[in-house]
Structures are given as C-alpha cells and as structure tokens.
Amino acid sequence: MRWENLTPDSGHSRAEAALFGAEAVTTRTFDTPEFRGITFHEIRARSIVNRVPGASRMPFEWTVNPYRGCTHACVYCFARKTHSYLDLDTGLGFDSQIVVKVNAPELLRHRLASRGWQGEHIAMGTNVDCYQRAEGRYRLMPGILAALRDHANPFSILTKGTLILRDLELIEQAAEVTDVGVSVSVGFTDEELWRTVEPGTPAPERRLDVVRALAGRGIGCGVLMAPVIPFLSDRPEQLRATVRAIAAAGATSVTPLVLHLRPGAREWFMSWLARHHPHLVHRYERLYAEGAYAPKWYQRRVTRQVHELAQEYGIGPAGAGMPRRARTPEPAPEPATEPTQLTLL
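Residues numbered from 1 in each chain as written. Predicted model: local features only at pLDDT ≥ 70, side-chain atom pairs only at ≥ 80, totals over all residues. Heavy atoms only, no water.

**Quick word on the sheet that holds strand β5 (residues 67-68)**
Thinking step 1. An order of β1-β2-β6-β5 is seen for the four strands of this open sheet, with the pairing classed as mixed. Strand pairing shows two members of the sheet lacking a second neighbour, β1 (26-29) and β5, which therefore form its edges.
Thinking step 2. Sheet topology note: the β1/strand β2 (residues 39-43) ladder contains four bridges and is antiparallel. Note that in β2 the partner of threonine 26 across the bridge is glutamate 42. (Pairing = 2+ DSSP bridges. Helix = DSSP H or I, 4+ residues; strand = E, 2+ residues; numbered from the N terminus.)

**Description of the side chain of asparagine 65**
Thinking step 1. Here asparagine 65 shows up in the loop between β4 (62-64) and β5.
Thinking step 2. Here threonine 63 takes part through its side chain, which lies 3.5 Å from a polar atom of the side chain of asparagine 65.
Thinking step 3. Not counting the four nearest positions on each side in its chain, asparagine 65 is found in contact with Ile48, Asn50, Lys101, Gly125, Thr126, Asn127 and Val128. (Polar contact = N/O pair within 3.5 Å; in protein donor to acceptor, adjacent residues only side chain to side chain. Contact = heavy atoms within 4.5 Å.)

**Considering the packing of aromatic side chains**
Thinking step 1. Here the structure, examined in full by the defined rule, presents eleven aromatic pairs.
Thinking step 2. Taking the centre distance of 5.4 Å and the plane angle of 40° together, the rings of phenylalanine 269 and tryptophan 272 count as tilted. You can see phenylalanine 269 and its partner tryptophan 272 sitting in helix α9 (residues 265-276), three residues apart, about one turn around the helix.
Thinking step 3. Since its relative accessible area comes to 0%, phenylalanine 269 is described here as buried.
Thinking step 4. The buried category is assigned to tryptophan 272, whose relative accessible area is 1%.
Thinking step 5. One aromatic cluster is present, formed by Phe231, Phe269, Trp272, Tyr284 and Tyr288 through successive ring pairs.
Thinking step 6. Across from the ring centre of tryptophan 62, 5.8 Å away, lies the NZ or CZ of arginine 111, which sits over that ring. (Phe/Tyr/Trp six-rings, centres within 6.5 Å; stacked < 30°, edge-to-face > 60°. Buried < 20%, exposed > 50% of the residue type's maximum accessible area, 1.4 Å probe, protein only. Lys NZ or Arg CZ within 6 Å of the ring centre and 35° of its normal.)

**Overview of the sheet that holds strand β10 (residues 221-228)**
Thinking step 1. Strand order in the open sheet formed by seven strands is β3-β4-β7-β8-β9-β10-β11, with mixed pairing between adjacent strands. Either end of the sheet is taken by a strand with one partner, and the two such strands are β3 (49-51) and β11 (254-258). Direction aside, neighbouring strands of the sheet carry axes that sit 25° apart on average.
Thinking step 2. As paired elements, β4 and strand β7 (residues 122-124) share three bridges and run parallel to each other. (Axes fitted to C-alpha atoms, helices over the stretch in contact; angles between N-to-C directions.)

**Some details on unusual backbone geometry**
Thinking step 1. Across the junction of alanine 226 and proline 227, the peptide omega takes the value -5°, indicating a cis bond.
Thinking step 2. Residue position: proline 227 is located in strand β10.
Thinking step 3. Of note, the phi angle at alanine 73 is positive, near 60°, even though the residue is not glycine.
Thinking step 4. Note on placement: alanine 73 falls in the loop between β5 and α1 (92-96).

**Some details on the confidence of the model for the chain**
Low pLDDT means the predicted coordinates in that region are not meant to be read closely.
Thinking step 1. Scored by pLDDT, the chain comes out at a mean of 87, with 83% of its residues at no less than 70.
Thinking step 2. In this model residues 4-18 is a low-confidence stretch, pLDDT under 50, and it forms 29 contacts with partners more than four residues away in sequence or in other chains.
Thinking step 3. This stretch, residues 317-345, has a pLDDT under 50; its non-local contacts, to residues over four places away or in other chains, come to 83 contacts. (pLDDT = per-residue confidence, 0-100.)

**Side note on helix α7 (residues 204-216)**
Thinking step 1. Here α7 spans 19 Å end to end across 13 residues, near enough to the 18 Å set by a 1.5 Å rise per residue.
Thinking step 2. Packing partners of the buried residues in α7 comprise α5 (168-175), β9 (180-185), α6 (191-197), β10 and α8 (236-248).
Thinking step 3. Downstream of α7 by a residue or two, glycine 218 has a phi angle that is positive, lying close to 80°. (Expected span 1.5 Å × (residues − 1).)

Here's what the structure looks like:
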C-alpha cells in the first residue's frame, strides 16, 4: 500500500506532502462479531483538517475525516475512489480495510490553536461516516468534539450512524458556544432495498430514531434524503412514504439528492445492479450516459416532488444537507440565511 504517497488534498503521489509514513502504520483485526472480517490500519496522521478543492460545490471549505474506508458498505458511496490512492480495492476493500487516524483529536486541537486558523466552519461525515462501527471501538469523536467546543469552532455532522447519540452532551455543550449543525442521511424507508444497498448501516427507522432523540433534546436535525435511487426508490408512493416518516420523526428540513455515480463507485454499483436488478442495467446506462450525475430534468423532478411533499407534511421546503444550528444560545443570534444545497451522495 502506498501510505507514503497519500496527500492531504488530492490523493495523488507527492511524497513530500504525505499524510503519514509507512512506519506509522499498525494493522489490527478483532475477533468479535461486529468486526469479523474487518482490518484496521491505525496511523498517526500528519494533518487532519483538509481543505475542500476549489471546484467543489460544497458550501464549506474545511473537513475533518478521522477514518478512510467505511463499514457501512453502501454500494453507491462516492468515497470508494479514495481507497485506490492507497492501492486498496474500492469494492470489498473499501468496506473492510479501514484506516483509523488515531491521533485525530490531538491534531485537531493543535490546528485550532494555531495562529493561522481563523475559526472557519468544519464539516464532518462528508467523505466517510465518522460514526461508523469503528468509532465504537476507537472513540475519536469525543476528543474531536471537545476540541471544537473548547475553541468555539463552528462545525456540522452528517451521519447514518446511531452512535452519535453517545455524544449528545458534547454536541449540546458545543452548541452553547458556537454554530452547530446535525444532519442524518435517510434516502428511503424500503427495508428490503436497505438490506442490499446499505448492508452495514443502521436501518432507516433507527436513523429516524436519532432524529427523534435529537428533537427531544431540543437539537434541530435535518435529513439528507440521499440518495434517491432511480427506478428503485423514486416512485411517488415511495417518496411520499419517506418524507412522511421524516416529518413524523421531527426533522427540521429535508433535502433530496439523486444518486450520482463517480468512478470507483460507478463500477461497484453497476456490478451490484447487475446481480440484484439486471433488468435495470440498460436504463442506468442511458440515464447516466453523460457522466456521474443523472440528467437535470430528472433531478428537478425528484426535487420538486419532495419539496411538495415536505410542504404537505409540514416541514416546509427543503433546506441544505447541513441544517440550522443545533441549539440557540443566549442571546439569540441574528437569523441565518439558508446555505446552499449539498451534493454528497
């Protein structure tokens, strides 16, 4: 594996800017049911705060990702390509070879205290899930959240993991001193589809339980309805059932995002599609013939339908994937403007 060639921004070979060296890697396996078949590569990273490329459509500039690879094993995950930078497989390897940046909390605390840091917003969960199963063992997020709280640094979290509930107290403490956003990803509520397309994630209903729990603590939580999967979760009755469930959970907003298939993810997803829904392969080849994204007309149609359903169920028009602040401190701040919609999944 090319540990020494992994760079902070692009992943391309540039050894002088490497994130860590091969001598810093410890490989472990754990013979417990939840981690059987998974290999963890523990590394001491050289940096943890990453700048989003200038061409990105993300409404934030900085991210923190304590893990690479993800046991959620979502067949469509756009981050699969990043495993190829380490000469790791973007299919099963992405699901089972997890890079753990064990010094992430201390690196973040050092960066936030540096003279050059201006307190910019930091987004988490935008590459792989920071609350995937590995977090239950490595417990990196409490230290990360504590550093952000202590420096009153604004941040947001996007997750499919229920483990975020463990850290509610830290999130509440941070929200007293800075702007905090929490969002849960629930693309559909079809359990049969979930079991095959997102096999390592908590069930959609369990994720909606997270929204309920956050609402019960006074923490506003948006739902990123992503991905809407063409021909599998986009029928009007499916969209209605999903938005209805999101509204019933108490979400503050819902943002639909149609599946996109970047290199690395595209090959893995199409292989899955050929096994489970072979009759759809040609339809997908036509729909995604122009690249990674579905045609604009299709995206607009789905967005319009979800917006109308959201209004019908009383959660208004969709906001952005990163929702409003988790908790309003005293005195109340000036009303924030709506941020830009994300294209994460």
